[in-house]
Amino acid sequence: MKKNIVLIGMPGAGKSTVGVLLAKSLGMDFCDTDILIQKQTGTTLQETINSKGLDEFLKIENSVLAGIKLENTVIATGGSAVYGSQAMENLCKNSIVIYLKMPVETIKSRLHNITTRGIALKKGDTIESLFAERNPLYLKYSEITVESGNLDIESTVTKIIESLYGC
């Protein structure tokens, strides 16, 4: 039996918000990997990207996530976690990975701070191009995909629980 639940998906998909409520509902701990990265670096995600560059940020993210050793925890990842092969290998071995999938239009309507939020964007990237690049990776690593675009937070949590336990 896998011991953790890992939430992956685009920035703005609600991984952290849903993750907290899912953890409460299932009596599990909660971990936000963006906060782990911030603790490790001593700066915000955006400050790390600005000062060290995107490639170095992705290396840091991969390293931090590759070292996670948790049990009975809902883990909300950053949207770029799927770029780190060691990170995803570590997370997948002891977890059920769930992709919170949302239409690009919904993501765009939720992201108002794209340049300050700490989103791993290459110069010239748009939300559409980021989605096109990441969607195959989210599908590759996930065992369950939850279409959450038309759902509120509580309904998303309910749908995840139904997907996990069939009830």
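One can find the structure itself at the top, above this paragraph.
Definitions and limits used
Residues numbered from 1 in each chain as written. Predicted model: local features only at pLDDT ≥ 70, side-chain atom pairs only at ≥ 80, totals over all residues. Heavy atoms only, no water. Salt bridge = Lys/Arg side-chain N within 4 Å of Asp/Glu carboxyl O. Helix = DSSP H or I, 4+ residues; strand = E, 2+ residues; numbered from the N terminus. Buried < 20%, exposed > 50% of the residue type's maximum accessible area, 1.4 Å probe, protein only. Phe/Tyr/Trp six-rings, centres within 6.5 Å; stacked < 30°, edge-to-face > 60°. Expected span 1.5 Å × (residues − 1). Arc of directions from axis to C-beta. Contact = heavy atoms within 4.5 Å. Polar contact = N/O pair within 3.5 Å; in protein donor to acceptor, adjacent residues only side chain to side chain. Pairing = 2+ DSSP bridges. Axes fitted to C-alpha atoms, helices over the stretch in contact; angles between N-to-C directions.

A look at the pattern of salt bridges
- Taken as a whole and judged by the stated rule, the model has one salt bridge.
- We note a salt bridge from Glu 128 to Lys 108, for which the minimum N-O separation is 2.6 Å. Of this pair, Glu 128 sits in helix H7 (residues 127-141) while Lys 108 sits in helix H6 (residues 104-110), and the two are 20 residues apart along the sequence.
- Classification of Glu 128 as partly exposed rests on a relative accessible area of 38%.

Describing the packing of aromatic side chains
- As enumerated under the stated definition, the model contains one aromatic pair in all.
- Consider the rings of Tyr 99 and Tyr 138, whose centres lie 4.9 Å apart with planes at 40°: the pair is tilted. Placement of the pair is Tyr 99 in strand E4 (residues 95-101) and Tyr 138 in helix H7, with a sequence separation of 39 residues. In this structure, Tyr 99 and Tyr 138 share a single accessibility class: buried.

Here's the deal with the environment of Leu 130
- Within the secondary structure layout, Leu 130 lies in helix H7.
- On the basis of relative accessible area, Leu 130 is assigned to the buried category, the value being 1%.
- Here the alpha-carbon distance between Leu 130 and Thr 106, two residues 24 residues apart in the chain, equals 14 Å.

Observations concerning helix H8 (residues 153-165)
- Counted at 1.5 Å a residue, the expected span for H8 with its 13 residues is 18 Å, and the 18 Å between its end C-alpha atoms agrees.
- Restricting attention to buried positions, one finds in H8 the residues Thr 156, Val 157, Ile 160, Ile 161 and Leu 164. Buried residues of H8, viewed axially, fall in a sector of 135°; they line one side.
- If you follow the buried residues of H8, they end up packed against strand E1 (4-8), helix H1 (15-26), E4 and strand E5 (144-147).
- For H8, the N-terminal capping position is held by Asp 152, with its side-chain oxygen 3.3 Å away from the main-chain nitrogen of Glu 154.

A closer look at unusual backbone geometry
- Backbone geometry places Asn 72, a non-glycine residue, at a positive phi of 55°.
- Secondary-structure assignment places Asn 72 in the loop between helix H4 (54-66) and strand E3 (73-76).

Quick notes on helix H5 (residues 85-93)
- Along H5, the positions that sit buried rather than exposed are Ala 87, Met 88, Asn 90, Leu 91 and Cys 92.
- Those residues of H5 that are buried are in contact with E1, H4, E3, E4 and H7.

Here's the deal with the sheet that holds E4
- Read from one edge of the open sheet, five strands run E2-E3-E1-E4-E5, paired in parallel fashion. One side of each edge strand has no neighbouring strand; the edge strands of this open sheet are strand E2 (29-32) and E5. Each neighbouring strand pair of the sheet contributes to a mean axis angle of 20°, computed without reference to strand direction.
- Each of E1, E2, E3 and E4 is contacted by H1, which is oriented at about 160° to E1, the strand it contacts most.

Structural measurements only, silent on function.
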